[in-house]
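Analysis of the macromolecular model
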Amino acid sequence: MSDRMNAGLEKLLDASTTVESMKEDLAQMEKELDVANQKAERVLTEVTQRAKEAEIIKTQIIRDRTKAEAIVSNIDVERTAAESKLEEARPALDEAEAALNTIKQANIATVRKLGRPPHLIMRVMDATLILFQTKLPPIKSDLTYPCPKPSWGEALKVMSSSNFLGQLLNFPKDSINDETVELLEPYLQMEDYSLTVAKRVCSDVSGLLSWTKAMSSFFGVNKEVLPLKINLAFQEARLNKANFDLKKTQKALSKKEKELRKVQKMYHNAVLEKQQIAKQAEVCRKKMSAASTLINGLGGERLRWTQQSKTFKEQLQKLVGDTVLACGFLSYSGPFNQEFRNKLMNKWKGLLKNKSIPYSTNLGVVSMLVDMEETAEWSLQGLPGDELSLENAAIVTKARSYPLLIDPQGQGKIWLRTKEQYNEMQVTNLRHKYFRTHLEDSLSLGRPLLIADVGEELDPILDNLLDRNFIKQGKALKVMLGDREMDITDGFYLYITTKLPNPAYSPEISARCAIIDFTVTRLGLEDQLLGRVIKMEKAELERERVRLAEDVLENKASMLELEDNLLEKLSSVEGSIVDDDELIKVLHETKTTAMEVGKKLVIAAETEVQINASREEYRSVATRGSILYFLIVELSKVNVMYQTALRQFLNLYDEAVLKSKPTHIIEKRILNIEEYLTKTVWKYTSRGLYEKHKFLFTLLLALKIDMNDEKITYQEFLILLKGGASLDLNSVRPKPFRWMLDIIWLNLVELSNLETFRDLLDQVVSKDKEWKFWCDTELPEEEEIPCGIDKGLSIFRKLLLIRSWCPDRTLAQARKYIEDSLGSSFLELKNLDLEDMVDDAERKCPLICLLSTGSDPCNQIESIARSREQEYRQISMGQGQEESARKGITEAILNGHWLMLQNCHLCLDFCEEIIQTMVDADELHRNFRLWLTTEVNKDFPIGLLQISHKFTNEPPQGLRASLKRTYADISQDTLDYSNHPAWPNLLYAVAFLHTVVQERKKFGPLGWNVLYDFNRADFTASSQFIMNHLDDLDPKRGISWSTICFMLAEVQYGGRVTDDFDRRLLNTFTHVWFSESICEPGFKFYAGYPLPKNCKVVEDYQEFINNMPTQDFPEVFGLHSNADICYQINTAKGILDTILLVQPKESSGAKAGDTREAVVSRIAEDMLKKLPRDYAPQEVKEAIIKLGGLLPMNIFLRQEIDRIQKILHLVRGTLKDLQMAIEGSVVMSDELKEIMDNMFDARVPKGWEKVSWQSSTLGFWYTELLERDAQFKRWCFSGRPKVFWPTGFFNPQGFLTAMRQEVTRAHKGWALDSVICQNLVTRFSKDDIHDSPPEGVYIHGLFLEGASLDRKTGKLLEARSKVLYEQMPVIYIYAINSTSGKDSRLFECPIYRKPARTELNYIGSIDFESDIGPRHWIMRGVALLCDIK
């Protein structure tokens, strides 16, 4: 594209230059045209003159040619005569040549070697020498033969020549003259000079003799021919002269003709030049016009292309870096959210920068990978338009691996269905019975395949496909599916989706698939919801917007196509573009079309602005919907069963738009939709929540809405949730008053960081009495706040203050805040109406009841079915019940009856089958309904929860509601079972006991040390036992109250109890209520809670129960009124802690601009600075020796130091690793990530808590670590403490055992088994103790819960109002040698290390005196706590 654009620009530049030069050329051409006319006339004159001269020369040539032809004719005659004469000598020549051919070089060599050659041979050689005209020696007569003496020496010289034979063959015969022949004559006339003799004498050169004779004969003939040859030569000379003259004349003629042609050419050229100039001038005029049109038409494109070319050039320079970033994005970014993707991209850019690799600073990965048309098409297919969704779609379409979409809301699946709707995509899942068939069909038919709702493992049959282990056979690709080889047809593509929100896939799956987080984003959902509301409110507007988007897409595509076509023409044209008529035609068409499209785009842009302005009016509705949906999603972190599909939410959203009150005033209409939507979603969601989470959801709903409206800052939100939990007492301003709890002071310190409360700490210090009085009031939220603070406070900021000062009133103020933010109706939860839910639910959506203790909706559902004359069937699920359930569902679908599947958590595999059955069912009977019940199970199929309507059916809370529920299941026959006068009272007392033991659970450790699952079966068994007891009663002996108490406290209810102190409490209740006094008039369980009177039928009891107090007082359950404060505090803390737990982990920090990592890094750095140094083993060993060596208490100290050292080492190492992980020096492991989240939320990391102790906040835990370390260091290096702090011990029981051992060793004869601990509550504080006791130990730091202490007498008193914990004075614990039991008048008070009263936290017990019996304090739940934080 860049090359074509550059080529186009070059052509345009060339055209511009050409046009400028054309103007000058045209003027020059006009001048040249005149000159050419004159030149043509001059040349024409010269051509005429040259033509005449050439004609004269041509006549002379004709004469010379005639003369030469005559000479040639004479030569031919004479040549013929000479040749005929020569023919006569031809035989002799042939004979000579034949004779010579018989002579070889070897023959010559043989003759040369002859020492005395034959005389004939010497004579032959002499004849040869004569013919060669070789100089001979003086002739002498031969004495032997009558001839001259042979000159054999000269002959040898001639024969020694290597070319001798050649000389013979090429002998110049015309050189023979009369003298030569005369010299030969003597030799030729000799008798033996013949061929026959020569052959006999020496055959080697016999042919030479014949040759000499032939030469002599040839001379005879040639003598006559030679004159003819001479004459012939003369004639040929004449001919050559004639030819030379002819050639010379022809040359002159050629010259003249050349000159003639030249001048003719000059004339022709002059004429052509004249015509060419005229033609060029005309062409130039046309080109100028065309070029002007072209340049004017491409003026805008030229500017844009110039800029684009510059951009392309920059992009080419940065292409390597951009490609690396794009590849990294496709390979690694998919599983992460937008924030982390940006972090990855920035980190990669930093690496490229360090390597000096250029890259685009503002690289848009999506725009680099896909074009604008494709993204617009995605939008029309339903893909949200936010950046994350576009990035996800880019990875889906461009990644090499097959995509695996993390799609909990199903948004990705919906988009894929739309995207592939014309490609016949097959949708299946791994559990489908035809899954293998679907896979094979998709491969062979070339269709896309979507495997939906997978878990954390994939079918191994997909391994080769995901690994792309393809087999290439020719042009075809094949893959092994199990043991079967399948063809891969073009068009096949594999998509995989999962509903798991945060799956942990194995590295193998992560490598094989392109995992993509397709979780719906808030912005993406907001755009989608905006489209839905506009579609319903302004349908025409939305249709216009969609049509406009399609038109814009089409027009832009048309523009790009035209531009592409134009660039193609420009880049492919040869020469100047002004010469291409077709290009100018294309330009004209392009320009015309572009103008039309441009106008359409301008109109579309203006219309889009208007449409968007109208759409934006409803933006707040979409925003509210997005907030509500993501709030519902967060609830799944509270309880895994709280799953809601996006499809269900969209149905609620549509219903809200359609059913909300209409009005023509847009602002009012929007407000109506928002209110109706909020209320609808709240009702629907609350229906599926347990009671303990309903208020949490409502409060979080108000907070989220106000945070979005910027009525609440994120910092204020965090302070509400955490308070001062992350602060350390040692790092803040010292607490000014002893009466103030540590946590309250930390809350106030954190609150003072807000601008609104910046002077709060100074105000508290200056007006402490006013603040204490306000805090101690019964309803501080209703009173005026000291220092006039409440005048400028909003309801929410008052909530922050109440939460910091009075945690027990947090929920009360939170209700006020909800009423102010949402309305009072959000505080009024109606009872579940199953009939309405049935009518509203779709037939394809199962109805799931989330079970809890005492909740079973089956009877209610059966009753509704009976009232509607609807057939109802019920199956209790469990092992082996799947086939019955499968058959039951099929029959229910066909016949239209209701089917209840109970306890589905016992058959999770079958629940997966239910999903497929409901999805695949095409037609359902209009009366069909499927009911399910299940307990909470983390492995319950998310898909089934998302397609279902969920509801809870928990028993009502409170004494009156519980009693009412109990008597609702009591028949009249049960009331009339016995005639014994005590039977109605006993039955009611058992019901009251049943209610009390259940209701005490809400008070936590004050109610029961361990929470027991008391249920209806306990009541039924207990009432049945009393029936049996009355049946077997001996009238004389009467009722055995001890038996009843034992059976109830130790067997019926006590059978579930595992804690000894809980069993003591249960025995106390039975002994107080089940005695003769229950038969006496005026018996009351508590003031206002008497026994029923004159109640004969069930309705009488129901009426009596309805008249009971609506509000339960803790005293009814045997507790102090302060117990309700504890309940309120724990409930509020549980709600706020849960809200904090479910917050997204990528939230910003407490301060603007701070990240979680930055906040945690500061906390870790501060903790490391304060962390004590490690213990040196040698120093500890020496210190222990100084303290007395291996004494029991010293051994205990050594064990405690070993444990504290382990914690110090763990904390130090963890904090350093965490800092390095935050800096990026080491990998942030899952363990470090969890620790970071815990520290940010001010919670103690689990790894630390496991080896140490429990604490409510990280700040308190760290403070306790420092205090424990300080106590151990003082004891080890400064001597045994006067007063011990048992809270700081890991093993307080071991401390008391060591004390007992120490006392036992001090008394000779005492046995450790008989030594028991005794206690004395002193009046002293820690600072009043200056000396150690003679025996035993002083301890301090204990807190009394559930009662108060008379410091003068050391006796227990009722707790002071609003004082939950009372700090105990120093307690003296010593040991005595005794085997007697304890005084029953004393209250045995258990001691626990932490507020959670479990066996692990149990230390021991001490005895208290009291003016009230111990049963009273047992029912009050009194205990001593080492730590109240």
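Residues numbered from 1 in each chain as written. Predicted model: local features only at pLDDT ≥ 70, side-chain atom pairs only at ≥ 80, totals over all residues. Heavy atoms only, no water.

What follows is about empty space enclosed by the protein. Applying the stated rule across the entire model yields six cavities of 30 Å³ or more. Approximately 130 Å³ is the volume found for the largest cavity. In terms of lining, the largest cavity is formed by 19 residues, of which the most central are Asn 1009, Phe 1061, Arg 1397, Ile 1418 and Gly 1421. Elements represented by at least two residues in the lining of the largest cavity include exactly α43 (1060-1073), β24 (1387-1392) and α53 (1414-1420). Ranked by residue count, the leading element in the lining of the largest cavity is α43, at four residues. Along the lines of polarity and charge, the residues of the lining of the largest cavity split into 12 nonpolar, three polar and four charged. In this model, the second largest cavity occupies a volume close to 100 Å³. Around the second largest cavity, the lining residues are Ile 632, Leu 635, Tyr 642, Thr 644, Tyr 684, Thr 685, Gly 688, Leu 689 and Lys 950. When the residues that make up the lining of the second largest cavity are grouped by side-chain class, the tally is five nonpolar, three polar and one charged. (1 Å grid on protein atoms, 1.4 Å probe; cavity = no way out; pocket = protein on both sides within 12 Å on 5 of 7 lines; lining within 4 Å. Points joined across faces, edges and corners; volume = space filled by probe spheres on them. Helix = DSSP H or I, 4+ residues; strand = E, 2+ residues; numbered from the N terminus. Nonpolar A, V, L, I, M, F, W, Y, C, P; charged D, E, K, R; others polar.)

Take unusual backbone geometry next. Positive phi values are uncommon outside glycine, yet Ala 1242 reaches one of about 65 degrees. Here Ala 1242 is to be found in the loop between α49 (1230-1240) and α50 (1246-1251). For Ala 1242, a relative accessible area of 2% gives the class buried. In this structure, Lys 1362 takes a positive phi of about 65 degrees despite not being glycine. Looking at the secondary structure, you find Lys 1362 in the loop between β21 (1355-1357) and β22 (1365-1367). (Buried < 20%, exposed > 50% of the residue type's maximum accessible area, 1.4 Å probe, protein only.)

Below, the discussion takes up the side chain of Lys 704. With respect to the helices and strands, Lys 704 occurs in helix α26 (residues 691-708). The contact partners of Lys 704, leaving out residues within four places of it in the chain, are Ile 627, Leu 631, Glu 634 and Gln 1143. (Contact = heavy atoms within 4.5 Å.)

Another aspect to go through is the confidence of the model for the protein. With 89% of its residues at a pLDDT of 70 or more, the protein has an overall mean of 84. Throughout residues 1147-1153 the model reports pLDDT below 50, and contacts reaching past four residues in sequence, or to other chains, amount to 16 contacts. (pLDDT = per-residue confidence, 0-100.)

Turning to the pattern of salt bridges, a few remarks are in order. Enumeration according to the criterion identifies 60 salt bridges in this entry. A salt bridge links Arg 619 to Glu 526, with the shortest nitrogen-to-oxygen separation between them at 3.1 Å. Taken together, the positions of Arg 619 in helix α23 (residues 619-638) and Glu 526 in helix α20 (residues 522-537) put the pair 93 residues apart, joining distant regions of the chain. Residues Glu 1264 and Lys 1394 are paired through a salt bridge, measuring 3.2 Å at the closest nitrogen-oxygen approach. Residue Glu 1264 is found in helix α51 (residues 1258-1278), and its partner Lys 1394 is found in the loop between β24 and β25 (1402-1410); the two are separated by 130 residues along the sequence. Within this structure, Glu 526, Asp 527, Glu 616 and Arg 619 form a network of salt bridges that share partners. (Salt bridge = Lys/Arg side-chain N within 4 Å of Asp/Glu carboxyl O.)

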